[in-house]
Amino acid sequence: MTTFRDQLQASLGSAYTVQRELGGGGMSRVFLARDEALGRDIVVKVLSPELSAGLSADRFTREIKLAAALQHPHVLPVLSAGIMNGLPYYTMPFVRGESLRASMGPGKLSRDDALAVITDVAKALRYAHGEGVIHRDIKPENVLMSSGSAVVVDFGIAKAISASKTEAPGGTLTTVGTSIGTPAYMSPEQAAADPDVDQRSDIYSWGVLAYELLAGKHPFKGRKTPQQLLAAHLAETPAQLGSASPDVPVPISALIMRCLEKNPDSRPQSAGELVTQLGAATSGNGGVAAAIPVAKSKLWRIPAIVALAVVIGGVAFGVWSARGTPRPAGLVTLAVLPFENQGPAEQEYFVDGLSDAVNGKLAGLAGVSVIDRRSTQQYKKTTKPVKQIGAELGVQYVLGGVVRWARNSAGGWRAQVMPTLVNASDATTKWAGDPLVVSSDDPFSAQTEIASKVANALQLALGADDRRELAERPTQSTEAYDAYLRGKSILDALDRSAESVRSIDQSISELQRAVALDPDFAQAWAVLVFASHRRAVAVPGDTLSLNRTLRAARRAESLDPRDPMVVSVRSGMAYYSGDRPRARMIISDAIKSGIVSPELFIAYAWDLWDVNQRDSGRAVMASALKLNPRFPPVVAAAADMATLDRDWVRVAQHARTLISIDPTDERGWRLLASVGRSTGDSLAIRRAIDEAFRYIPAPSNMLLTFMVYAGGDMGLRFAGMTPDQLRIEALSDSISTYYDNKADLFVGRGEHERARVYYDSIIGKMEGRSLSGPGESYLRIYLAYAYSATGRHADAARELARVKAVAIAAGEVNEKGVPEIDRRIVAGILANAGQSEAAVRELRVLLNESGWTRRGLAAVSKLRALRGTPSFEAFLREKEQVTRAR
């Protein structure tokens, strides 16, 4: 009698010899065979008749070819596929080892081994998902253990079965139902027979596997039948992993529990996120939480200039500076656009890192002026012609590049880069380089070669120092460099999206891994400074992040004292300690020595302004703008200086530049509205707000503040808005702006009882609360004003004194040691208490320190109590004095 094995042998032919049956499950029967041509063992899996029923053989074979294209160390590839008596089969390499299920017995895997296994599986998912392949049946039986490494099998098989069934005559999605997958590891969407599952289904299954491996039991232990398991996935919440296995690091427990969320949107959205967080939690120092010691010094608050650098420069990372001599006039001007990634989306971070590195190397050469990379980010995937880009950036040449991907002989990825240098005036090609190959083993050589070829094409004379810097590598560890690129890529994305503490933590994790792999990696330490401080700003009172910021800054300084970030930190520490002359000297010395950075230029411009060297301050700000003409924070800083100059035409120009870069960015619209507010032109405010609403359907209170000043129909429109219509994202926004804005609106309309409701809300929400941390003085001054507006003048005076004390303790003081708080609100507090002369004195100082005008101040609701007083009316009649050097 012909056996099933004989039939399989006949189908395979003489190329393979079937040796024995290894076993199998519901989906297939598994055989060991010998590849006679190559002298190796392979595995043959034959689908069961039940699963093969109603299956399109052609579609199955086509889908298997997609799975066969996967090549990764933690993915077992498919070698071939065919049909045996109507039953599809496929072949794979034979792995000498055992399944993860067999390895999960008591005492077989240590915690560290288990963490290594789930990391390997996550890496396999990250790779396969990047190739568009979802597994759909992640479980211990589909993970093989070989030489201490985990390998995932059967990628793409479930998709091949599903797709081939739906293509077969009479086949539908519902005919597949829940037959694809294993009930114990199915995601809720699989359990509900949703045909459109995505990569997040694999993430859920990974979470079940990880939970079971680390806790020693299935998350729904006790559920035995398929129906019970499917119901549990759909409706039950498993016990916290931390309680089932307390020795698992807290960040990992939290990550796995997030993977088990019923709603796919609540899970990690990519396997890359799994790899990132696992890498951080398992790389030295006892994990993420244990790696950050509690601050023991009172110097936990990041210095003011460092905070300024973050606000102005976003995340100032990459190779920022030219370390050579100051630039003479008449240089060749160049912009390096973000290279175009024509490969997997998961490689985007690598391509961005390559273009940033080329930008940095070219910026270090004498004879060329390179636009800062943050001004070129807006041209990523742009369709604008080169002439327009050149005109917008004010450059002669534009360097672009296309990156394509292929696999090397070992099965890993390698990139092929094709750079092109274009003359922006006539769009002619100046130089087109031959394709360069970049591999993960050497990500640096191509950076040097591209920059060198561009320098030669531009006929730049390269000295020995230039050639040495072109060949310089930031680290010798390619793994550390990869982690660094991933970390800074996450931060870069945050500059174009809503702030996310989770994303910041991912970035910090990657950067911590980079410096753990190479403790002398100066750039990684520098970026870690800004990532840590960004987290401290996002989470008020996060002293641990602030402490980590200072530790990273000190390490970065010891490695590279000429790094612009390090210069900012040194200056900030001097500033914080009260030695402002030294803080200015550190910045000025750095600039004079040839360290070029928009952040340093802006800090220096404001330093000069503060000591009344305003012509010089304007010149330095102009240099910052020239270096970074299309980076929003720099344009906004130039607009702020123009505001202090009361140069409303220039403020409006900068505002329109911001709007042209991104009309959904509120800063441009707020600047336009501020011109109207400061000049008392309510019509200009209304025009700006109406236009902004075309692009920003849910504006923040920062923008809506100007509706109060516009009054009329605009004020009524704001009066009818509720918090759920606005972007109220933080304590300072919801309390200090929203309620205060509503109160101002009704005071301006003479509806004092309605205004009183909002003042009482401010007091009720803030009185007696602990408001310590960044922004405390900002919060408390609104509480002080609310007291004064409700007649509690003694409380207002006490709170105002506290505001000043907090500002002084935080270093928020001017050159004379006077607290830098909102004098407009201080004047309003004094006016409410009947101290009109003192209030007007505050307003005189305000005029000298800000872009306000008397006409603008006359319309401020908080100064309503001053109206009609002799001192205020005399103040308003005085001629406006504007001193503006040109």
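Look a little higher up for the structure.
Everything numeric in this text was worked out from a predicted model, so none of it was measured. (Residues numbered from 1 in each chain as written. Predicted model: local features only at pLDDT ≥ 70, side-chain atom pairs only at ≥ 80, totals over all residues. Heavy atoms only, no water.)

1. Points about the overall build of the protein chain
A count of helical and extended segments in the protein chain gives 42 helices and 15 strands. Looking at the 886 residues of the protein chain, the share that counts as buried comes to 55%. Contacts in the protein chain between residues at least 24 apart in sequence constitute 63% of all its contacts with a sequence separation of at least 6. Accessible surface computed for the protein chain: about 36,700 Å², of which carbon and sulfur atoms make up 51%. (Helix = DSSP H or I, 4+ residues; strand = E, 2+ residues; numbered from the N terminus. Buried < 20%, exposed > 50% of the residue type's maximum accessible area, 1.4 Å probe, protein only. Contact = heavy atoms within 4.5 Å. Areas by Shrake-Rupley, 256 points an atom, 1.4 Å probe, with all protein chains shown as cover.)

2. Quick look at the nonpolar core
In this structure, L334, L362, L399, L421, V454, L458 and Y484 are the most contacted members of the largest nonpolar core, which totals 61 residues. Sequence-distant contacts of L399, defined by excluding residues within four places in its chain, comprise L334, A335, V336, L337, V358, L362, P419, T420, L421, W431, I450 and V454. (Core = buried A, V, L, I, M, F, W, Y, C linked by side-chain atoms within 4.5 Å.)

3. Here's the deal with the sheet that holds strand β6 (residues 98-99)
Judged by pairing direction, the sheet is antiparallel, and its 3 strands sit side by side in the order β6-β7-β8 without closing on themselves. Each end of this open sheet is capped by a strand with a single partner; those strands are β6 and β8 (149-152). When β6 meets strand β7 (residues 143-146), the two strands line up antiparallel, connected through 2 bridges. For S99, the partnering residue across the bridge sits in β7 and is L144. Strands β7 and β8 of the sheet are contacted by helix α5 (residues 111-130), whose axis makes an angle of about 35 degrees with β8. (Pairing = 2+ DSSP bridges. Axes fitted to C-alpha atoms, helices over the stretch in contact; angles between N-to-C directions.)

4. Quick look at the packing of aromatic side chains
Where two aromatic rings form a pair, the distance of their centres and the angle of their planes describe that pair. Under the counting rule described, the total for this entry stands at 7 aromatic pairs. Centre to centre, the rings of Y484 and F521 are 5.0 Å apart; their planes meet at 55 degrees, and the pair counts as tilted. On the criterion of sequence distance, the pair formed by Y484 in helix α21 (residues 478-494) and F521 in the loop between α22 (501-517) and α23 (522-538) is long-range, its members being 37 residues apart. For Y484, a relative accessible area of 2% corresponds to the buried category. (Phe/Tyr/Trp six-rings, centres within 6.5 Å; stacked < 30°, edge-to-face > 60°.)

5. Let's talk about the environment of T853
Tracing the chain through its elements places T853 in the loop between α40 (836-849) and α41 (854-858). Considering only alpha carbons, one finds T853 and T679, 174 residues apart in sequence, at a separation of 6.2 Å.

6. Digging into the pairing of β7
The two faces of a sheet get side chains in turn, since along a regular strand they alternate between them. In this structure, β7 lies alongside β8, joined through 4 bridges in antiparallel fashion. By the bridge assignment for β8, L144 is matched with V151.

7. Observations regarding the pattern of salt bridges
One pass over the full model with this rule turns up 34 salt bridges. Among the salt bridges present, the one from D482 reaches R486, with a minimum N-O distance of 2.9 Å. Within this pair, D482 and its partner R486 are both found in helix α21, separated by 4 residues, close to a single helical turn. Overall, the relative accessible area of 21% leaves D482 in the partly exposed class. The structure contains a network of salt bridges with shared partners spanning R101, E141 and E212. (Salt bridge = Lys/Arg side-chain N within 4 Å of Asp/Glu carboxyl O.)

8. Quick word on unusual backbone geometry
Phi at R136 takes a positive value of approximately 80 degrees, unusual for a residue other than glycine. Tracing the chain through its elements places R136 in the loop between α5 and β7. When its relative accessible area of 14% is taken as the criterion, R136 is described as buried. A positive phi angle, near 55 degrees, is found at R646, a position not held by glycine. With respect to the secondary-structure elements, R646 resides in the loop between α29 (632-644) and α30 (648-661).

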